[in-house]
Structures are given as structure tokens and as C-alpha cells.
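Overview (structure and organization)
So you can see what is in the structure, the chains are spelled out below.
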Amino acid sequence: MGLEVWFTEDQTENLRISCRVKEVLFSGQSPFQQVAVLDTVEFGRMLVLDNIIQTNVKDEFVYHEMISHVGLNTLPNPEKVLVIGGGDGGTVREIVKHDRVKQVVLVEIDQMVIDVAKKFLPELSAGFGDPRVQILVEDGIKHVKENKNAYDMIIVDSTDPIGPAVGLFSEEFYRDIYESLREDGLFVAQTESPFFNRELIARITATINEIFPVTRLFQAVVSTYPGGYWTFTMGSKKYDPLAVDIDKLPKLDTKWYSPEIHRAAFTLQPFVKELLPR
Ligand code: AG3
């Protein structure tokens, strides 16, 4: 038997996930974080930031489809879309599947993430070549502050609420997002695990509920994230994702999202429901 090399993420102080590694394709320190691309036996190529699994070519479709299509299909006319974070490109790849989208702005703080995605994760970064896509390497918090009434949809495709991403989970940021959206806009953020981040989800949904007329929590299964069960939170100024006529949704080439899933993703188990504001 050959040499065994394993990568381990500490998902909590008391829980770890390990993946057998075939090869370390890239490892480098950016001004913001440790950036690595691993070729793993189980999940194929995997992006790891500060030793936290971000995405991999095997299960990435779940997260990227859900963070994009649920919101896009809630809006009648999502012309201009902003992605904050998401430097791997998976979210942009899903957004450009919609003909109604005329412009996508990706604001990623770390150039190194974009570079390694282009080089090692072409399946994800493919959308960067679409002529509607503009990439800005800057701070997303600053960008929303400086661009008022500018977007139909904003997607917060962030890392966990530690280090550089803390501000992307703050009340001030959600208020700036509200201002950065057009009058009938909405936003979707990844909001962690209902097993391990219960206070966070309760706080976020309560905060968004104070700022936006419509607050919705939805879920999907992401096998490499803590608990394997993940949430997304939507704040909307006008449109309710549950009021969408799912029989009229556009046909999309997807592997997780579907009209039925658009509806079903909002069906929450009691232990998740109890996190929502009453
Ligand atoms: N964003 C990371 C979600 C959080 C994963 N957390 C964890 N593994 N502890 C994913 C970025 C993909 N575009």
C-alpha cells in the first residue's frame, strides 16, 4: 500500500472531517488567507481556504444551484446581479444560465482565489468567460455601501463567519444590501448549519426580518459541510419565493434545483423552524 495523505478540517472544536488526498495542486498564502487546491480521492478537486472546505467538483452543484436559482426564479426580471465572494466562479456559472440576466458583477476580495479557480477549477470558473460578467477585486462591504439602488439581486457567497467574512454577517451589512438593491430586489446569503450554527441562524433571520418585508430560510444537502445540511437566507423587498408559480419556471440545466425543489426547499423540520422569528 502506498503513502496515505489526509486533509482534515476541524468542523467544530469536537468534530472533524477528513478526506484522502491524491495530490496538493496548489498551496499559497494570500494577503487574506491560506489558499489551497487539493485533488481528493472522494470529491475530486477541492478548494480549501484557511483549512476550511469551500467547494469541490463532486458536490458543488448543490450549493451553487441553490444559492442562485431560488432567488433568480423569484424575480420576474433579474437583470443586474451582484455576487459577493464566490471567487471560485460556481455561482456565476449558474447565474449566466438565465437569459433574463443582462449583467453580473462579481466582487471577490482575494485575487488568489480567482486565479486558482481559473487554473485548477475550470468546471466552476467557466462562467467568467461570459461577456455579461465583470470581475472586481475589492471589498464587498465597501462595494454595497458605494452602490445604492443598483442591483436586482445580491448573492452573498461567503466563507464561514470568522476572519475576513465576519462583516458579511452583520446587521450593518444587511442594511447596506437593502440600500444597494432596487425597489423590488432580493438577496440570498449562505447561512451555515442548523446543527452547529443555531444562534447565528436565529440572529440573522431576526435581523433580516426587521429590515426586509419578506424573510425566508431554505435548505439543501451539502455533504462536505458541517452536518451535511445547509441553510440559505433570503431577504426580499417585494417578491415571495413561495408565491412563484412553479409550473411557469424557465427550464434550466440543473442537477439539484428543480421547480419541485424550489418549493420543497422551504419545508423546514421543527428543529429548524424554531430558529425563525415568530
Ligand atoms: N462558501 C463556504 C460555505 C461554508 C463552508 N463551511 C465549512 N466547510 N465549514 C462556499 C463558497 C463556494 N462558492
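Preceding block: the structure.
Because the structure is predicted, anything quoted here is derived from the model rather than measured.

For the rest of this paragraph, the subject is the sheet that holds strand E2 (residues 15-29). An order of E1-E2-E3-E4-E5 is seen for the five strands of this open sheet, with the pairing classed as antiparallel. Each edge of the open sheet is held by one strand with a lone partner, namely strand E1 (6-12) and strand E5 (52-56). Sheet twist, expressed as the average angle between the axes of neighbouring strands with direction ignored, equals 45°. By the bridge criterion, six bridges tie E1 to E2 in an arrangement that is antiparallel. Each residue of the ladder has a partner; that of Trp6, found in E2, is Arg20. Set on the sheet, helix H3 (residues 111-120) makes contact with E2, strand E3 (34-40) and strand E4 (44-49); between it and E2 the angle comes to about 90°.

Lining the immediate surroundings of the ligand are 14 residues, of which Glu9, Ile53, His64, Asp88 and Ser158 lie closest. One of the side-chain N or O atoms of His64 is found 2.8 Å from a nitrogen atom in the ligand. Between the ligand and the protein, one listed contact pairs a nitrogen atom with a side-chain N or O atom of Asp88 at 2.5 Å. Burial of the ligand by the protein chains amounts to 98% of its free accessible area of 400 Å². For the shell around the ligand, the secondary structure elements donating two or more residues are E5 and helix H1 (60-72). With three residues, E5 is the single largest residue contributor to the shell around the ligand.

With 14 residues, helix H7 (residues 198-211) extends 20 Å from end C-alpha to end C-alpha; this agrees with the ideal 20 Å at 1.5 Å per step. Looking at the buried residues of H7, the elements they touch are helix H6 (171-180), strand E10 (181-190), strand E11 (214-221) and strand E12 (229-236).

Under the counting rule described, the total for this entry stands at 13 aromatic pairs. Here Phe195 and Phe196 contribute two aromatic rings whose centre-to-centre distance is 6.2 Å and whose plane-to-plane angle is 45°, an arrangement assigned as tilted. In this structure an aromatic cluster arises from ring pairing among Tyr63, Phe218, Tyr225, Trp230, Phe232 and Phe266. Sitting above the plane of the Tyr151 ring, Lys80 keeps its charged end 5.0 Å from the centroid. A cation over an aromatic ring shows up here: Lys255 above the ring of Phe61, its NZ or CZ 5.0 Å from the ring centre.

Attention now goes to the sheet that holds strand E6 (residues 80-85). Reading across the sheet, the seven strands line up as E8-E7-E6-E9-E10-E12-E11 and stay open at both edges, with mixed pairing between neighbours. This sheet does not close on itself; its edge strands, each paired only once, are strand E8 (133-137) and E11. Each neighbouring strand pair of the sheet contributes to a mean axis angle of 15°, computed without reference to strand direction. Across five bridges, the pairing between E6 and strand E7 (residues 103-108) is parallel. The residue bridging Val83 from the neighbouring strand is Leu106, located in E7. Across the sheet, H6 touches E6, strand E9 (151-157) and E10, and the angle it forms with E10 is around 140°. Contacts from H7 reach E10, E11 and E12, with the element oriented near 15° to E12.

Thresholds, definitions, all that
- Residues numbered from 1 in each chain as written.
- Predicted model: local features only at pLDDT ≥ 70, side-chain atom pairs only at ≥ 80, totals over all residues.
- Heavy atoms only, no water.
- Pairing = 2+ DSSP bridges.
- Helix = DSSP H or I, 4+ residues; strand = E, 2+ residues; numbered from the N terminus.
- Axes fitted to C-alpha atoms, helices over the stretch in contact; angles between N-to-C directions.
- Contact = heavy atoms within 4.5 Å.
- Near = heavy atom within 4 Å.
- Polar contact = N/O pair within 3.5 Å; in protein donor to acceptor, adjacent residues only side chain to side chain.
- Areas by Shrake-Rupley, 256 points an atom, 1.4 Å probe, with all protein chains shown as cover.
- Expected span 1.5 Å × (residues − 1).
- Phe/Tyr/Trp six-rings, centres within 6.5 Å; stacked < 30°, edge-to-face > 60°.
- Lys NZ or Arg CZ within 6 Å of the ring centre and 35° of its normal.

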